[in-house]
Amino acid sequence: TVQVSWSTASEKDNRYFEILRSTDGKEFVRVGIVYGAGTTNSQQNYSFFDEDLKGGTYYYMLNQVDFDGKSHLSDIRVIKLDYGNAIDVFP
């Protein structure tokens with residue numbers, strides 16, 4: 001299981017976040033949705049659990065979608081799962 005966690009300092013018209021995953025860093029598929037807080041000036045903390053993964057390298061991005069349909073992609077984050085050793089996370 002990989003836990004994808006993020007925070008926002010404030011939000012304006014935030015409908016939801018799509019959690020996107022790839023095995024090659026190029027072709028991403030949606031693996032989940034986490035609904036946002038709409039509009040707020042308070043910090044919000046979010047997380048999503050991506051389960052039943054095999055060993056290997058996975059790439060993640062967030063796509064933040066507003067109520068009007070506009071969206072914003074995050075930077076890519078990389079995680080390597082090696083069940084014989086510790087998990088390495090790369091920013």
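In this report, the structure presented in the accompanying data block is examined. These numbers were taken from a predicted model, which means no experiment stands behind them.

## Examining the overall build of the chain
Right, on to step 1. Looking only at helices and strands, the chain features 0 helices and 8 strands.
Right, on to step 2. The secondary structure elements of the chain, listed N-terminal to C-terminal, are β-β-β-β-β-β-β-β.
Right, on to step 3. When the 91 residues of the chain are sorted by exposure, 35% land in the buried category.
Right, on to step 4. Accessible surface for the chain amounts to roughly 6,000 Å². Of this, 46% is attributable to carbon and sulfur atoms.

## So, the environment of Val29
Right, on to step 1. One can find Val29 in strand 3 (residues 29-40).
Right, on to step 2. Residues Val29 and Val2 lie 27 residues apart in sequence; the distance between their C-alpha atoms is 16 Å.
Right, on to step 3. Each residue touching Val29, except ones within four places of it in the same chain, is listed here: Ile19, Leu20 and Arg21.

## Side note on the side chain of Arg21
Right, on to step 1. For Arg21, the location among the structural elements is in strand 2 (residues 11-22).
Right, on to step 2. Polar contacts involving the side chain of Arg21 include one to the side chain of Asp50, which spans 2.7 Å.
Right, on to step 3. Setting aside anything within four residues of it in sequence, one finds Arg21 in contact with Glu27, Phe28, Val29, Val31, Asp50, Leu53, Tyr58, Tyr59 and Tyr60.

## A word on the pairing of strand 2
Right, on to step 1. Buried residues dominate strand 2, accounting for 9 of its 12 residues.
Right, on to step 2. Relative to strand 3, strand 2 runs antiparallel, the two sharing 8 bridges. Of the residues in strand 3, the one forming a bridge with Phe17 is Val34.
Right, on to step 3. Hairpin connection of strand 2 to strand 3: 6 residues between the antiparallel strands, including Gly25 at a positive phi of 80°.

## What about the packing of aromatic side chains?
Right, on to step 1. For the structure on display, the rule yields 4 aromatic pairs.
Right, on to step 2. With centroids separated by 5.6 Å and ring planes inclined at 20°, the aromatic side chains of Trp6 and Tyr46 adopt a geometry described as stacked. Of this pair, Trp6 sits in strand 1 (residues 2-8) while Tyr46 sits in strand 4 (residues 44-50), and the two are 40 residues apart along the sequence. Across the pair, Tyr46 and Trp6 agree in class, each one buried.
Right, on to step 3. Put simply, the rings of Trp6, Phe17 and Tyr46 touch in pairs and so form one group of aromatic residues.

## Some words on the nonpolar core
Right, on to step 1. By size, the foremost hydrophobic cluster in this structure holds 14 residues, and its most contacted members are Val2, Trp6, Ile19 and Tyr60.
Right, on to step 2. Breaking this core down by element, the ones donating at least two residues are strand 1, strand 2, strand 4, strand 5 (56-66) and strand 7 (77-81).
Right, on to step 3. Excluding anything up to four places from it in sequence, Ile19 contacts Trp6, Val29, Arg30, Val31, Gly32, Ile33, Val34, Phe48, Tyr60, Met61 and Leu62.

About the criteria used
Residues numbered from 1 in each chain as written. Predicted model: local features only at pLDDT ≥ 70, side-chain atom pairs only at ≥ 80, totals over all residues. Heavy atoms only, no water. Helix = DSSP H or I, 4+ residues; strand = E, 2+ residues; numbered from the N terminus. Buried < 20%, exposed > 50% of the residue type's maximum accessible area, 1.4 Å probe, protein only. Areas by Shrake-Rupley, 256 points an atom, 1.4 Å probe, with all protein chains shown as cover. Contact = heavy atoms within 4.5 Å. Polar contact = N/O pair within 3.5 Å; in protein donor to acceptor, adjacent residues only side chain to side chain. Pairing = 2+ DSSP bridges. Phe/Tyr/Trp six-rings, centres within 6.5 Å; stacked < 30°, edge-to-face > 60°. Core = buried A, V, L, I, M, F, W, Y, C linked by side-chain atoms within 4.5 Å.

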